Amino acid sequence: QVQLVESGGGLVQAGGPLRLSCAASGSMFTLSTMGWYRQAPGKQRELVASITAGGSTNYADSGKGRFTISRDNAKNTGYLQMNNLKPEDTAVYYCNVRSPWSQRDYWGQGTQVTVSS
């Protein structure tokens, strides 16, 4: 019913930038809050950033000042621009959308981000 596909992950050197994309199917994306989460091995999944349908953003302290979340509703696509990456940012990054009427969460399969020192 709802499909999310992340892309843009890979291996980068510390200090470098990376831009993640989340392509959403259907028409729900435009009305939904979108978020980026990440999960490192042996760690809990944690919120990185979120953006409402109206464009209000929220950032976890870990990425504040370095990461920027955005969306292009015309393309049904969300983005996470990551700058000045650190080895601690290494994780699988997941895209999430939450239905505004049911509060149900939809998840992508994730994209691996590895930051080398």
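Our structure is the block above this text.
Residues numbered from 1 in each chain as written. Predicted model: local features only at pLDDT ≥ 70, side-chain atom pairs only at ≥ 80, totals over all residues. Heavy atoms only, no water.

(A) Quick look at the packing of aromatic side chains. Summed over the entire model, instances satisfying the criterion amount to one aromatic pair. Each ring, one from Y37 and one from W107, has its centre 5.0 Å from the other, and the planes form 65°; the classification is edge-to-face. Of the two residues, Y37 is situated in strand 4 (residues 33-39) and W107 in strand 10 (residues 105-107); the sequence distance between them amounts to 70 residues. Using a relative accessible area of 33% as the deciding quantity, one classes W107 as partly exposed. Sitting over the face of the ring of Y94, R45 holds its NZ or CZ atom 3.8 Å from the ring centroid. We note R71 situated over the ring of F29; from NZ or CZ to the ring centre the distance is 4.5 Å. (Phe/Tyr/Trp six-rings, centres within 6.5 Å; stacked < 30°, edge-to-face > 60°. Helix = DSSP H or I, 4+ residues; strand = E, 2+ residues; numbered from the N terminus. Buried < 20%, exposed > 50% of the residue type's maximum accessible area, 1.4 Å probe, protein only. Lys NZ or Arg CZ within 6 Å of the ring centre and 35° of its normal.)

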